[in-house]
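A closer look at the structure
This is what each chain is made of:
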Amino acid sequence: MKLFTNLILCLLISTLVASGTCSDVAKLRQKRGIKFRNEFTAEDKQLAVDIHNQHRSAVSPRSKMMLKMRWDEGLAQSALMHSRNCKLKHSKNRQTPNFSKVGENMAAMYHAEIPISQYLPEAIKQWVDEVKYFHHSTGSCMTDKVCGHYTQVVWNRTYAVGCGLTTCNWENGLFGMFMVCQYGPTGNYRPPIPYEAGTSCSKCPQGTVCKNNLCDWSSGITTNTNSPPEGKAGAQAPCLGPGCGSASVAYLHRYLLTASTLISLYYALKC
């Protein structure tokens, strides 16, 4: 990565005529904030729920009990408010009227402005791809890797999700799409084993129906979330250590490096 950065800087020095100064960069740094206020449509909300449930239904090994997720407007509004801050840090003291403890995943895509319907699958897949670092039997994550985004997506007793997205201006002229999804009740309790492996739906709570390997208790978009049967999380302390994803953002691998971006990068590093 360092070699790549140095190569970019050498190319800038040798081929680009500098059109800015350090004072220009200082001005750019002052422009961080909201670039565009993205809004989820009803279709986007349903897509977010469907993608989460698709990944939950496809877990390997299979889960004896995996609740079907639904949309929660309280979580969505909380997630949206945090995305509007354009700060790539987790929110603190997360709670909503329906949930006293709330989980959170974040994703950022630099230099991209695409429809939410395209962004959602990429962002959630980035979280779920952490499964390759996760050891289900022990609930452990490979050294120096993060697994907490994945475990939150497939935490079996989490049954509600809400997301918000903002296109942000960041420092040094960078911009991009910043999505936050919040979950209720929170997952990633210690140990962070998201579900009990076994025959699908073999331990579905009474009152639920097995559909697509999920314990279906309700579905769709709602402004009020009632607890599913036996859907309460445990009393153990949340997992906040390495691998839990408590202080990390999933960065999507889509970058558009234009000449103006490279110039800004050069002057930012130079200053």
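In what follows, the accompanying structure is described. Residue positions are given per chain, counting from 1 as you read along its sequence in written order. Side-chain atom pairs in this predicted model are given and counted only at pLDDT of 80 or more, local residue features only at pLDDT of at least 70, and totals for whole chains, interfaces and linings cover all residues. The side-chain quantities take in all heavy atoms of the structure and omit both hydrogens and water.

**Some details on the overall build of the protein**
- Put simply, DSSP H or I for four residues or longer makes a helix, DSSP E for two residues or longer makes a strand, and each gets a number counted from the N terminus. When helices and strands are counted, the protein shows seven helices and 11 strands.
- Partly exposed residues are those whose accessible area sits between 20% and 50% of the maximum for their type, while under 20% is buried and over 50% is exposed, using a 1.4 Å probe and protein chains only. Out of the 271 residues in the protein, the part that is buried amounts to 48%.
- Residue contacts are counted whenever heavy atoms from the two residues lie within 4.5 Å of one another. For the protein, long-range pairs separated by at least 24 residues make up 79% of all intrachain contacts whose partners lie at least 6 apart in sequence.

**A word on the pattern of salt bridges**
- The salt bridge definition used is simple: a Lys or Arg side-chain nitrogen within 4 Å of an Asp or Glu carboxyl oxygen. In total, this model carries eight salt bridges according to the counting rule given.
- One salt bridge connects Glu-104 with Arg-94, and the closest N-O pair in it is separated by 3.6 Å. Residue Glu-104 is located in strand β3 (residues 103–110), and its partner Arg-94 is located in the loop between α4 (73–84) and β3; the two are separated by 10 residues in the primary sequence.
- Exposure remark for Glu-104: the relative accessible area of 5% places this residue in the buried category.
- The exposure class of Arg-94 is partly exposed, given its relative accessible area of 23%.

**Quick look at the nonpolar core**
- With 35 residues, the main nonpolar core has Phe-40, Tyr-119, Leu-120, Trp-127 and Met-179 as its most contacted residues.
- When residues of this core are traced back to their parent elements, those giving at least two are α3 (42–57), β3, α5 (116–128), α6 (148–153), β6 (160–169) and β7 (175–184).
- For this core, the element with the highest residue contribution is α5, accounting for seven residues.
- The contacts of Phe-40, once residues within four sequence positions are left out, are Lys-45, Trp-71, Ile-116, Leu-120, Cys-163, Gly-164, Leu-165 and Met-179. Definition used in this section: a nonpolar core is a set of buried Ala, Val, Leu, Ile, Met, Phe, Trp, Tyr and Cys residues joined via side-chain atoms within 4.5 Å.

**Quick word on the packing of aromatic side chains**
- The rule is short: rings of Phe, Tyr and Trp, with Trp giving its six-membered ring, pair when the centres are within 6.5 Å, and they are stacked under 30 degrees, edge-to-face over 60, tilted in between. Taken as a whole and judged by the stated rule, the model has six aromatic pairs.
- Measuring from ring centre to ring centre gives 5.1 Å for Tyr-159 and Trp-217, while their planes differ by 90°; the resulting arrangement is edge-to-face. Of the two residues, Tyr-159 is situated in the loop between α6 and β6 and Trp-217 in the loop between β9 (214–216) and β10 (221–222); the sequence distance between them amounts to 58 residues.
- The class of Trp-217 is buried, set by a relative accessible area of 17%.
- The side chain of Lys-35 reaches across the aromatic face of Phe-175, ending 5.0 Å from its centre. Our definition puts a charge over a ring when NZ of Lys or CZ of Arg is within 6 Å of the ring centre and also within 35 degrees of the ring normal.

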